[in-house]
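# Survey of secondary and tertiary structure
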Amino acid sequence: MKRLFFLILIAFRFSGVYSQETDWTTPYERSGGTETPRYRETVDYLRRLANASPMLTFSSFGKSAQGLDLPMLVVDREGLGEPFAIHAAGRSVLLLQACIHPGESEGKDAGMMFIRDLVKPEFVGSSPLSLSLLNNVSILFIPILNVDGHERFGPYNRINQNGPKEMGWRVTSNNLNLNRDFLKADTPEVIALLKLFNEWMPDFFIDCHTTDGADYQYVLTYLMEIYGDMDARLTSWSRDVFLPQLQKSMDNAGFPVFPYVDFRRWHDPRSGLITEVAPPMLSQGYFSLRNRPGLLIETHMLKPYRERVRATYECIKISMEILDRENTHLQGLIRQADEFCSSPAFLQAPFPLQFETIETDSNIVDFKGFEYTVEKSPVSGGDWFRYSHNPVIFKLPYFYKTRPVVTAKLPCAYIIPAEWKSVIERLQIHGIQMKFLQKGVALKVTSSRFRSPRWQQNPYEGRHPMTNIEYDEFSETRWFPAGSAVVEATQQSARIIPHILEPKGNGSYVYWGFFDAVFEQKEYAESYVLEQLAEKMCRENPALMKELDEKKVSDTTFSRNPMLILNWFYNKSPYADQRRNVYPVAKIYERSVLDGLLKD
């Protein structure tokens, strides 16, 4: 019997269930709550923890622009490490994401401690957590999403922030902000994350940030998409079920919370509070449109780092408790939302593409701030907001009601010509389902022709977005070659597709410049040819001279440039490019046309 016990003990030791390691203090804890670990320290700790616990699976889900692995830890009470196995077990999947902005490292340190406290409750000095938190929920933990920016480490990376001693840089090695990239997907980090999302289809996400801005009493504020862009049932659950429980429990834990703080006049609290619908380039805007509710948390940069990490820890724990209780309910709502997006009913109402906050309707709320004065700066001449340490409760108007200002009548399907392969591939990264033409075909479609396009002069996130997107739709029969992609508008990703392919979508690929080539004039003529053409056109159509005179009056730059004037005539002649300014992506509104296409 003793020999059997000894053999079992040896087996446990070599399987990693038993470990001689007894010191599971995180690097953050060893520093006394003042430092955050570097990339290698973080990876080494989590890999060691995974080797010591059968509940953890450590891996990489992609590589950064500089070739570093993107680390991920799967936490499951049975040690399951694959999405199909965890979903088959009936558990919800929580995506816990940290360091998308590496200077905002609370989620990394809180997440490391939280998972350690779950799987190593015997560790002296920890606050052991009940394994019941994992009864109905498994965790995907991404400790550092922006690993390149994380390693641009230094003490001067966050001027507004009270600790840690050193931290990473906000953007990637390509100088891109990952939390502006969820829709355009230009970065390898976000591309890897989107592929991970499509593989796992997590039921809830938490994205950990640290906020800049005014001073106030709250250690942690939050954002959830409850303002009109998410599925109505998931919106109601987030607003009426999840948030009240979170607010009550965080208050009981000593961390009262408040919605993300944004003043109507920055930095003036007395101007009132305002919120808006998040665009899908941001994490919470994107995931909510994929029918997955989530929580974006913003700890307050002026609070001590230890407080911010602790508040993040409590928020993760409380969210897990709520998800454990709401597991079946939430999964049912998600299933209904996905089914609705895949049904013809999704196409019946105009789809909202852009919202505005109504600034004539508000509620009065209590806001825990600090007394402050406003002085004129002797240096800048601007308003200098100077906060005291005296707490005060302001009665402030809160503007949170929104309305759609741009909508679209959705087609049965969009069709993308085969030559726009880069766009097709980008849609596939988003998990958007499509079918490909096996042979060329002429189709009756609705096309769009842009008028007066203009672009932003300065770059934004590595691109020059369009500032004027106006167009006219028209019907035509157009030839589409083999390999063209047919994207049905009803599918799980249905709420994302219009934002990408409708020109006025919030962050559309037209806006980001994916189709800029269609706006370029490629054929020109010599002035002596155009002078003769212009004279002939005016002789045959005297009204052109009146139109030209009006154009000269309205555009003085045009009126002083002979080549612009001659090119104006060229573009009104039969020689002009008839496909210039025509959007390559077309719409199929007639179901019979789509059915015939798919049948073939």
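See the structure above.
Description of the structure in this document. (Residues numbered from 1 in each chain as written. Predicted model: local features only at pLDDT ≥ 70, side-chain atom pairs only at ≥ 80, totals over all residues. Heavy atoms only, no water.)

Right, let's talk about empty space enclosed by the protein for a bit. Following the criterion strictly, the structure yields one cavity of 30 Å³ or more and no others. Its boundaries defined by the atoms lining it, the largest cavity holds a volume of some 30 Å³. When residues of the lining of the largest cavity are traced back to their parent elements, those giving at least two are β17 (441-450) and β22 (586-588). Take the lining of the largest cavity: its biggest share by element is three residues, from β17. Class assignment of the residues belonging to the lining of the largest cavity gives a composition of four nonpolar, three polar and one charged. (1 Å grid on protein atoms, 1.4 Å probe; cavity = no way out; pocket = protein on both sides within 12 Å on 5 of 7 lines; lining within 4 Å. Points joined across faces, edges and corners; volume = space filled by probe spheres on them. Helix = DSSP H or I, 4+ residues; strand = E, 2+ residues; numbered from the N terminus. Nonpolar A, V, L, I, M, F, W, Y, C, P; charged D, E, K, R; others polar.)

As a further point, take the sheet that holds strand β13 (residues 383-399). Across the sheet, which stays open at both edges, the four strands sit in the order β8-β9-β13-β12 with mixed pairing between neighbours. One side of each edge strand has no neighbouring strand; the edge strands of this open sheet are β8 (263-265) and β12 (363-376). The mean angle between the axes of side-by-side strands here comes to 40°, regardless of whether they run parallel or antiparallel. Where β12 meets β13, 13 bridges bridge the pair, whose relative direction is antiparallel. Bridge pairing in β13 links Phe 367 to Phe 394. (Pairing = 2+ DSSP bridges. Axes fitted to C-alpha atoms, helices over the stretch in contact; angles between N-to-C directions.)

Turning our attention to helix α5 (residues 106-119). Here α5 contains 14 residues, and its C-alpha end-to-end distance of 20 Å stays within 8% of the 20 Å for a straight helix at 1.5 Å per residue. For α5, the buried fraction is high: 14 of the 14 residues fall into the buried class. (Expected span 1.5 Å × (residues − 1). Buried < 20%, exposed > 50% of the residue type's maximum accessible area, 1.4 Å probe, protein only.)

Moving on, we get to the packing of helix α14 (residues 527-540) against helix α17 (residues 562-570). At a minimum axis distance of 9 Å, the contact between α14 and α17 shows a crossing angle of 60°. The angle between α14 and α17 places the two elements in the oblique class. Considering the relative orientation of α14 and α17, their crossing is left-handed. Of α17, the residues touching α14 (which contributes Ser 527, Leu 530, Glu 531, Ala 534, Met 537 and Cys 538) are Met 563, Leu 566, Asn 567, Phe 569 and Tyr 570. The residue makeup of the contact of α14 with α17, split by class, is eight nonpolar, two polar and one charged. (Parallel < 35°, antiparallel > 145°, perpendicular 65-115°, else oblique. Left-handed = near helix turned anticlockwise from the far one by under 90°. Contact = heavy atoms within 4.5 Å.)

So, about unusual backbone geometry. For the bond running from Gly 163 to Pro 164, omega is 0°, close enough to zero to count as cis. Topologically, Pro 164 is positioned in the loop between α6 (147-150) and α7 (188-200). Cis peptide bonds are those with omega within 30 degrees of zero, and the linkage from Trp 266 to His 267 qualifies with 10°. Within the chain, Met 201 stands out as a residue other than glycine whose phi angle is a positive 45°. Examined against the element boundaries, Met 201 turns out to sit in the loop between α7 and β5 (204-211). Residue class for Met 201 comes out buried when judged on its relative accessible area of 19%. The residue Glu 461 is not glycine, and still its phi comes out positive at about 55°. Assignment of secondary structure puts Glu 461 in the loop between β18 (454-455) and β19 (466-468). When its relative accessible area of 14% is taken as the criterion, Glu 461 is described as buried.

Per the counting criterion, the structure on display carries 48 salt bridges. Residue Lys 395 is joined to Asp 366 by a salt bridge in which the shortest nitrogen-to-oxygen separation is 2.6 Å. With Lys 395 in strand β13 and Asp 366 in strand β12, this pair connects stretches of sequence that are 29 residues apart. Here Asp 366 falls in the partly exposed class, since its relative accessible area comes to 42%. Counted as one network, the salt bridges with shared partners bring together Asp 181, Lys 184, Asp 186, Arg 426 and Arg 463. (Salt bridge = Lys/Arg side-chain N within 4 Å of Asp/Glu carboxyl O.)

Among the secondary structure elements, Asn 157 is positioned in the loop between α6 and α7. Considering only alpha carbons, one finds Asn 157 and Glu 535, 378 residues apart in sequence, at a separation of 63 Å. Ignoring sequence-local partners within four residues, the contact set of Asn 157 consists of Arg 152, Met 167, Gly 168 and Trp 169. One polar contact links the side chain of Asn 157 to the main-chain carbonyl oxygen of Gly 168, over a distance of 3.2 Å. (Polar contact = N/O pair within 3.5 Å; in protein donor to acceptor, adjacent residues only side chain to side chain.)

As a further point, take the sheet that holds β5. Strand order in the open sheet formed by eight strands is β1-β2-β4-β3-β5-β10-β6-β7, with mixed pairing between adjacent strands. Of all strands in the sheet, those bounded by a partner on one side alone are β1 (56-63) and β7 (257-259). Pairwise comparison of adjacent strand axes, ignoring direction, gives a mean angle of 25° for this sheet. Strand direction decides the pairing type here: strand β2 (residues 69-75) and strand β4 (residues 137-142), joined by three bridges, are antiparallel. Note that in β4 the partner of Val 74 across the bridge is Leu 140.

None of the figures reported here should be taken as evidence of function without further support.
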